[in-house]
Amino acid sequence: MQSDPNVDVLIVGAGAAGLTLAVDLARRGVTFRLIDRLDGPFQGSRGKGIQPRTLEVFEDLGIVDRIAAVGSPYPTQRVYGIDGGFKDVQEFSNVPMTDAEPYGMPLLVPQFRTEAVLRDRLVELGGRVEYGVGLVSVVDDGGGIVAGVAGLEGRQTIRCQYLIGADGGRSFIRRALAVEFPGKTLGVRAIVADIEIDGLGRDVWHRFNEGDMARQISFCPLPHGDVFQLQAPIALDGDVDLSVAGVQAFIDERLPTPAIRVRAVHWASAYAMNARLAERYRVGNIFLVGDAAHIHPPTGGQGLNTSVQDAYNLGWKLAAVLAGAPETLLDTYEEERRPIAAAMLGLATGLLDKAKHGDMRRGRDVRQLDLGYRGSSLAFRTKLADGIQPGDRMPDAVLQGAAGQPRRLYDLLAGPHWTMLAAGNADEPARPGLNVVTIGREGQLLNGNGQLGLATGERRLIRPDGYVGGRFSADETDAITRYLAQVLPPHRS
Ligand SMILES: Cc1cc2nc3c(=O)[nH]c(=O)nc-3n(C[C@H](O)[C@H](O)[C@H](O)COP(=O)(O)OP(=O)(O)OC[C@H]3O[C@@H](n4cnc5c(N)ncnc54)[C@H](O)[C@@H]3O)c2cc1C
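Keep in mind that what you see is a predicted model, and the values were worked out from it rather than measured.

Novice: Honestly, the side chain of Ser171 in this entry has me stumped. Any pointers?
Specialist: When you line up the elements, Ser171 lands in the loop between strand 11 (154-165) and helix 5 (172-176). A polar side-chain atom of Ser171 sits 2.9 Å from the main-chain amide nitrogen of Arg174. Not counting the four nearest positions on each side in its chain, Ser171 is found in contact with Leu288 and Ala292.

Below is the structure:
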């Protein structure tokens, strides 16, 4: 049995949550290992809706253009009536891009492609996934966590300071810690399958028998290839034949004129829908992220997105604490992310009820742009009551640099650092991990007070994950120092 004592963080599970955390830690120079018990990458299209807020996160991680290149806008939905007629509907009302919200609409990206882009980014940053390595035991021996793993090379122990359970809905780590996972089984079972077929055009998302849970079936064309994602509710019990012949028989049974021929089934799964939320996200130095912490029906297209954003919330905090920031910073992960998941469970189950009656339409709330952390202990209680508040997502803005050139705010925020936007000239001494951007006639940005809504003399701190940490007026220099001491490693100037 070998032992590796030198890893700061062990991430278990290389799905969307584990990969996002690994990319974020890699760019921050944290040492970690990322293991997955699968022999190789997951191949299914499962979570295929990437919401605008996640696109902003992906922009910061340097992959948004690659994600867009392997995806597409959502196709129009073609809803067929029993008489064979149809009507075309846009599931999402068309939302244009704006300066403040650069990604108006979600993109359709099969999950295996999103994960492939994240894996490539991880490799660029010097990391990799260790496949075929499963976690089989966890012990916190007081001096750190000892994780037992098993794979082709036999059993090993890995000693780490922090262990991350990104190991999906059936999380081994959540069970090993005896963290309760209350909620309910929703009485809906469904199949999802990636199939090649003849007989349907690829320009729309075909939906048959909407509102009839016993006969509903839909075929969504996945971008860049021949594959459709089939989704359909099925009976709660019984075996499901997911072979080519089995899927063909299933389709024939539900369609009036069996004109569709199945050529291949690339991946298929039958699953029961649940809505559950872990009672705790943290036990000592062990954290749960993604589906390990919350599961819900796919109706809102929220699961993968929420999982990515869990990891994005935790990444900068782990890196800061490993570099010497106060350990209490890590408590804010559960404080901030658990309420988000609780609300999302309600959203997804509400949409499921509507889908049962064939009238599901996704609104602004699924895009996740209005989520934030106003009640968090990291949201500084500001005197500046007008406009954006601490805890809110910082909107993007198109500004003008000191040389007169166009500048996007998100270009300045991109990267692992904190940002201070300072109206007028800031006398803040330079310190590691904080970029100061002065705004005004003699500043680095010539304009901005209008677009950014800065008060006279305001200093605004933006967190590494793009949320406003605090708004400070000109006379609150000590408050800034105290705030930064909570979130950054100590610094002596
Ligand atoms: C039909 C369907 C449609 C969906 N549509 C959407 C959508 O449109 N938008 C959206 O946001 N979400 C959607 N989702 C949800 C989305 O797929 C999940 O929320 C997402 O995969 C969660 O990511 P994760 O990384 O937390 O977990 P997972 O993707 O489940 O990854 C967990 C990983 O951990 C590994 N693992 C498990 N146990 C161990 C162990 N002991 N040791 C080592 N490795 C281990 C597994 O092999 C796996 O690779 C959909 C889901 C379904 C089923």
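Novice: Honestly, the pattern of salt bridges in this entry has me stumped. Any pointers?
Specialist: If charged atoms from side chains of opposite charge come close, those side chains can pair. According to the stated counting rule, one finds 28 salt bridges in the structure shown. Among the ionic pairs, Arg121 bridges to Glu124, the shortest N-O distance being 2.7 Å. Of this pair, Arg121 and Glu124 both sit in helix 4 (residues 111-124), 3 residues apart, roughly one helical turn. Its relative accessible area of 19% is what places Arg121 among the buried residues. Classification of Glu124 as partly exposed rests on a relative accessible area of 47%. The shortest N-O distance in the salt bridge between Arg408 and Asp411 comes to 4.0 Å. Salt bridges sharing partners connect three or more residues here, namely Asp24, Arg27, Arg28 and Asp60.

Novice: What's the story with the side chain of Asp310 in this structure? I'm lost.
Specialist: Inspection of the secondary structure assignment puts Asp310 in helix 7 (residues 303-322). Within the structure, Asp310 has its side chain in polar contact with the side chain of His294 (distance 2.8 Å). With residues near it in sequence (within four places) discarded, Asp310 still touches Val289, Gly290, His294, Tyr333 and Arg337.

Novice: Before we go on, may I ask you to explain unusual backbone geometry in this structure?
Specialist: Glycine aside, a negative phi is what most residues show, and trans is what most peptide bonds show. Of note in this structure, Asn209 is not a glycine but carries a positive phi near 60°. Within the secondary structure layout, Asn209 lies in the loop between strand 13 (205-208) and strand 14 (217-221).

Conventions adopted
Residues numbered from 1 in each chain as written. Predicted model: local features only at pLDDT ≥ 70, side-chain atom pairs only at ≥ 80, totals over all residues. Heavy atoms only, no water. Helix = DSSP H or I, 4+ residues; strand = E, 2+ residues; numbered from the N terminus. Polar contact = N/O pair within 3.5 Å; in protein donor to acceptor, adjacent residues only side chain to side chain. Contact = heavy atoms within 4.5 Å. Salt bridge = Lys/Arg side-chain N within 4 Å of Asp/Glu carboxyl O. Buried < 20%, exposed > 50% of the residue type's maximum accessible area, 1.4 Å probe, protein only.

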